[in-house]
Amino acid sequence: MEHYWQEISALTMRWVRRLSREKFSMLFTLVQPMLFWLIFFGNLFQRAADTQVMQAPNYISFLAAGVVIMTVLNNGLAGGVDLLFDKENGFLERLMSTPIHRTSVILSRFIFVMGITSMQVLVILGVSYLFGVHPATGILGVATILLIGMMFGVGLTAISMAMAFSVKSHGDFFSVLGFLSLPMIFLSSALVPLTAMPGWMSFLAQFNPMTWAIDAVRPLILSGWTEALPHVGMVILVMLVFDALCLYGGAKAFRRAMG
Amino acid sequence: MDRTIAIDVSHLCKTYDSHHAVNDLSFQVYAGEIFGLLGPNGAGKSTTLRTLITLLHPTSGTATVMGHDTVREADTVRTLIGYVPQERAIDRFLTGREHLQLLGALYHLTTDEATKRINELLKLVDLEDHADRPAKTYSGGMKRKLDIACGLLPNPKILFLDEPTLGLDVQSRLRIWEYVRMLKARGMTVVMTTNYLDEADQLCDRLAIIDGGKIKTLGSPIELKIALGGDIVSLTLKELDRIPSLETELKGRPAIKSVRTTTKGLDIRVESPEKALPAILEAANRLGCSIEFIQYNRPRLDDVFIAHTGRAITESIPETESAS
Ligand SMILES: Nc1ncnc2c1ncn2[C@@H]1O[C@H](COP(=O)(O)OP(=O)(O)OP(=O)(O)O)[C@@H](O)[C@H]1O
Ligand SMILES: [Mg+2]
């Protein structure tokens, strides 16, 4: 147990070090989602968006929940990239030839991705706060948002790692990534509520776990506990199933790749 | 001589979608020796090594390291070995010292223990002055040295080196040979792969020549050369049309084991040059062949390689593309 912890903290430290050495990338990672989506998109569509349809005082406050979950999505789906590079340049092999627990590398990656994602979510909520979006459910609501984000993120990171271990080349990895992420965003309630979508889109969006996450986060920000609680309960159930499936798939891919 | 067996490989096969990367390999490595796997690109050297370090499961057959099965007792095996991969497995963003610290934690060393060993190793591989620079600023040779330091960090019983000197300049190669000999002197068992004949010849106590996933021959460099039988006298003749007649004349003579025509003359394998040389010269004289050049060679490892694989080690270019 003590060994396990020693391994995981050293491996997690490595991810942190790498990120801190890539100053530009770090800045980009932290700033990009809020800059691009929240500020540009939020203000750009301010006029176009119909507050009646959005059920929100303005588009930014509507969009905040979507941006939070989109950030979770992007970080999660990209969570396996570093392992992919490790696999390709032989570093993973070096790590796995040491007497570490077979799950340490993966667990360290989960910890790192979840940590970065939480920080970004807090930054997004902070910036929204400056734009006048004050979470209706307070600190506890923010904690709940983080929990939902983490639950979604774990499954996504597992998918990403499973892909990293299974793909033959990293071109494949990035094609699948690009193929997954945009439809996930557009077929969800991130940018417009389901009620404002064409019928077939809102139908498909119901099967997107991202929709469930956003529909729980949004009332936590906009309305308050009474409205949010049923959604929160529901999303936790959905995410438990989602995570179980993704982790199962991830474990299989990992076992196949690592013997 | 009765020696402790450090590694025992028995009927090892590894198949990738019906392609036999390694096909029925059996050999033993003795404790304390430098054992080499010599072969061209794609021969199956790295695959064999990866199996021994527990990263690949054999399709069939078994391998044990210090008596521990590489599949069933993989955890135990991992505590006994150090590994230096063929690719530079370096994280560009970490410094040399950070690489070693990371591995120190993965081998469960205490901080004190790790610090002490890391300083020793940095000194050994001559990287002290560069230990705190990110590895992306290292030259190829420095990366290789860091690789080796990483392999040595656990103070392993057995060190696996996959092509340790590939792409290094002559000086760095000699340096690494020196390390390896020193490690052996300290009692470490070293298993290395190489496709340099001189490296195998000078460094390895025993070696296996492998090609197409199979062992072609195995023994110490000297044994292998002796087994070829005899030294080689190479003649270059002035008149090339006299070659066949000289060949028939020499064949079957006492002290001459075999005669082979080359582009410019003959390669004559002889039992002892003292007896053979006069006979050869006398025969050439009698047939009126003027000799342009005469050369006498002990068999080299190149000859061993050619004899067992039917080609020179450098003639394997077509395989390179398919090998990863
Ligand atoms: N993961 C893999 N999938 C499919 N084929 C593989 C894989 N790894 C190796 N091979 C094949 O197995 C054979 C042996 O490869 P290996 O890497 O062991 O060769 P090698 O002797 O180390 O060559 P080199 O000198 O180029 O390093 C090659 O034909 C290679 O194409
Ligand atoms: Mg190789």
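Predicted model only: the values in this text are computed from it and were never measured. (Residues numbered from 1 in each chain as written. Chains lettered and ligands numbered in written order. Predicted model: local features only at pLDDT ≥ 70, side-chain atom pairs only at ≥ 80, totals over all residues. Heavy atoms only, no water.)

Draft legend 1. Fine view of the overall build of chain A. Helix and strand content of chain A: 12 helices and zero strands. In chain A, the order of α-helices and β-strands from amino to carboxyl end is α-α-α-α-α-α-α-α-α-α-α-α. For a compact globule of 259 residues, the expected C-alpha radius of gyration is about 18 Å, and chain A comes in at 19 Å, within 12% of that figure. Dimensions of chain A, computed from the C-alpha atoms along their principal axes, are close to 60 × 35 × 35 Å. In chain A, which comprises 259 residues, the proportion classed as buried is 52%. (Helix = DSSP H or I, 4+ residues; strand = E, 2+ residues; numbered from the N terminus. Rg over C-alpha atoms; globule rule 2.2 N^0.38 Å. Buried < 20%, exposed > 50% of the residue type's maximum accessible area, 1.4 Å probe, protein only.)

Draft legend 2. Just helix 1 (residues 2-21) of chain A, in detail. Here helix 1 of chain A is 20 residues long and its end C-alpha atoms lie 29 Å apart, about the 28 Å a rise of 1.5 Å per residue gives. Where helix 1 of chain A is concerned, the buried positions are A:Glu7, A:Ile8, A:Ala10, A:Leu11, A:Thr12, A:Arg14, A:Trp15, A:Arg18 and A:Leu19. (Expected span 1.5 Å × (residues − 1).)

Draft legend 3. Expanded view of the side chain of B:Arg173. With respect to the helices, strands and loops of the structure, B:Arg173 is situated in helix 6 (residues 170-185). Beyond its immediate chain neighbours, meaning those up to four positions away, B:Arg173 contacts B:Thr165, B:Leu168, B:Tyr196, B:Asp198 and B:Glu199. (Contact = heavy atoms within 4.5 Å.)

Draft legend 4. Local environment of the interface of chain A and chain B. With 24 residues of chain A in contact, the opposing surface of chain B contributes 32 residues. Summed over both partners, the interface of chain A with chain B comes to about 2,600 Å²; 59% of that surface belongs to carbon and sulfur atoms. It is A:Glu93, A:Arg94 and A:Pro99 in chain A that bury the most area against chain B; as a group they hold 28% of the surface buried on that side. Linking chain A with chain B are six salt bridges, by the criterion used here. When the shortest N-O distance is used, the salt bridge between A:Arg14 and B:Asp91 registers 2.7 Å. Broken down by secondary-structure element, the contributors of at least two residues to the side of chain A that touches chain B are helix 1 and helix 6 (91-96) of chain A. Considering each element in turn, the side of chain A that touches chain B owes the most residues, nine residues, to helix 1 of chain A. Of the residues contributing to the side of chain A that touches chain B, the split by class is eight nonpolar, seven polar and nine charged. (Buried area = accessible area lost by both parts, 1.4 Å probe. Salt bridge = Lys/Arg side-chain N within 4 Å of Asp/Glu carboxyl O. Nonpolar A, V, L, I, M, F, W, Y, C, P; charged D, E, K, R; others polar.)

Draft legend 5. Seen up close, helix 4 (residues 59-78) of chain A. Residue and element names in this part refer to chain A. Spanning 20 residues, helix 4 covers 27 Å between terminal C-alpha atoms, matching the ideal 28 Å at 1.5 Å per step. Within helix 4, the axis deviates most sharply at alanine 65, by approximately 30°. Taken across its 20 residues, helix 4 has 18 buried, putting it largely inside the fold. (Bend = angle between axes of the 7 residues up to and from the residue.)

Draft legend 6. Expanded view of the domain arrangement of chain B. Splitting chain B by domain gives domain 1 (5-224) and domain 2 (230-298). The straight-line distance from the C-alpha centre of domain 1 of chain B to that of domain 2 of chain B is 44 Å. (Domains from an automatic or database assignment.)

Draft legend 7. Representation of the site of ligand 1 within the structure. Residues and elements named next belong to chain B. For ligand 1, the set of nearby residues contains 16 residues, the closest of which are Gly42, Lys45, Ser46, Thr47 and Gln86. In the model, an oxygen atom of ligand 1 is placed 2.6 Å from a nitrogen or oxygen of the serine 46 side chain. The contact in question runs from an oxygen atom of ligand 1 to an N or O atom on the side chain of glutamine 86, over 2.8 Å. In isolation ligand 1 exposes 630 Å². Once the protein is present, 81% of that is buried. (Near = heavy atom within 4 Å. Polar contact = N/O pair within 3.5 Å; in protein donor to acceptor, adjacent residues only side chain to side chain. Areas by Shrake-Rupley, 256 points an atom, 1.4 Å probe, with all protein chains shown as cover.)

Draft legend 8. Fine view of the coordination of the magnesium ion (ligand 2). Protein coordination at the magnesium ion (ligand 2): the donors are B:Ser46 (OG) and B:Gln86 (OE1), at 1.8 to 2.1 Å from the metal. Here B:Ser46, found in helix 1 (residues 45-52), pairs with B:Gln86, found in the loop between strand 6 (81-84) and helix 3 (96-106); they are 40 residues apart in sequence, far enough to count as distant. (Donors = N, O, S within 2.8 Å, 3.2 Å for Na, K, Ca; no water.)

Draft legend 9. Main features of the pairing of strand 7 (residues 158-162) of chain B. All names here are of chain B. Of all the five residues making up strand 7, five are buried; the element is thus mostly covered by neighbouring parts of the structure. Pairing geometry for strand 6 and strand 7, over four bridges, is parallel. Bridge assignment links glycine 82 to a residue of strand 7, and that residue is leucine 159. In terms of strand pairing, strand 7 meets strand 8 (residues 189-194) through five bridges, oriented parallel. Looking across to strand 8, one finds that leucine 161 is bridged to methionine 192. Between the parallel pair strand 7 and strand 8, the chain is carried across by helix 6, and the sense of this crossover is right-handed. (Pairing = 2+ DSSP bridges. Right-handed = clockwise from strand over helix to strand, strands pointing away.)

Draft legend 10. Expanded view of the nonpolar core. Core analysis: the largest hydrophobic core is formed by 154 residues, its most contacted members being A:Phe152, A:Leu191, A:Met210, B:Ile7, B:Leu38 and B:Phe160. Once you skip the residues sitting within four places of it in the chain, B:Ile7 turns out to touch B:Phe27, B:Gln28, B:Val29, B:Leu52, B:Thr64, B:Val65, B:Ile158, B:Phe160 and B:Val191. Formed by 17 residues, the second largest nonpolar core is a distinct cluster that contains B:Ile256, B:Leu266, B:Ala276 and B:Cys289. (Core = buried A, V, L, I, M, F, W, Y, C linked by side-chain atoms within 4.5 Å.)

Draft legend 11. Region of the structure containing the packing of helix 4 of chain A against helix 11 (residues 209-222) of chain A. Residue and element names in this part refer to chain A. Contact geometry of helix 4 with helix 11 gives a least axis separation of 9 Å together with a crossing angle of 135°. One finds that helix 4 runs oblique with respect to helix 11. Judged by the twist between their axes, the crossing of helix 4 over helix 11 is right-handed. Contacts between helix 4 and helix 11 involve Ser61, Phe62, Ala64, Ala65, Gly66, Ile69, Met70 and Leu73 on the former and, on the latter, Met210, Ala213, Ile214, Val217, Arg218, Ile221 and Leu222. Partitioning the contact of helix 4 with helix 11 into residue classes produces 12 nonpolar, two polar and one charged. (Axes fitted to C-alpha atoms, helices over the stretch in contact; angles between N-to-C directions. Parallel < 35°, antiparallel > 145°, perpendicular 65-115°, else oblique. Left-handed = near helix turned anticlockwise from the far one by under 90°.)

Draft legend 12. Up close: the packing of aromatic side chains. Scanning the entire structure with this criterion turns up six aromatic pairs over all chains. Arranged with centres 5.6 Å apart and planes meeting at 40°, the rings of A:Phe152 and A:Phe242 form a pair that is tilted. Of this pair, A:Phe152 sits in helix 8 (residues 138-166) while A:Phe242 sits in helix 12 (residues 225-258), and the two are 90 residues apart along the sequence. There is no split in this pair, since A:Phe152 and A:Phe242 are both buried. Taking 5.2 Å as the distance between ring centres and 10° as the angle between the ring planes, the aromatic pair formed by B:Phe27 and B:Phe35 counts as stacked. Across the ring face of A:Trp15, the terminal group of A:Arg14 is positioned such that the distance to the ring centre comes to 4.7 Å. Here B:Arg173 stacks its cationic end above the ring of B:Tyr196, 4.3 Å away from the centre of that ring. (Phe/Tyr/Trp six-rings, centres within 6.5 Å; stacked < 30°, edge-to-face > 60°. Lys NZ or Arg CZ within 6 Å of the ring centre and 35° of its normal.)

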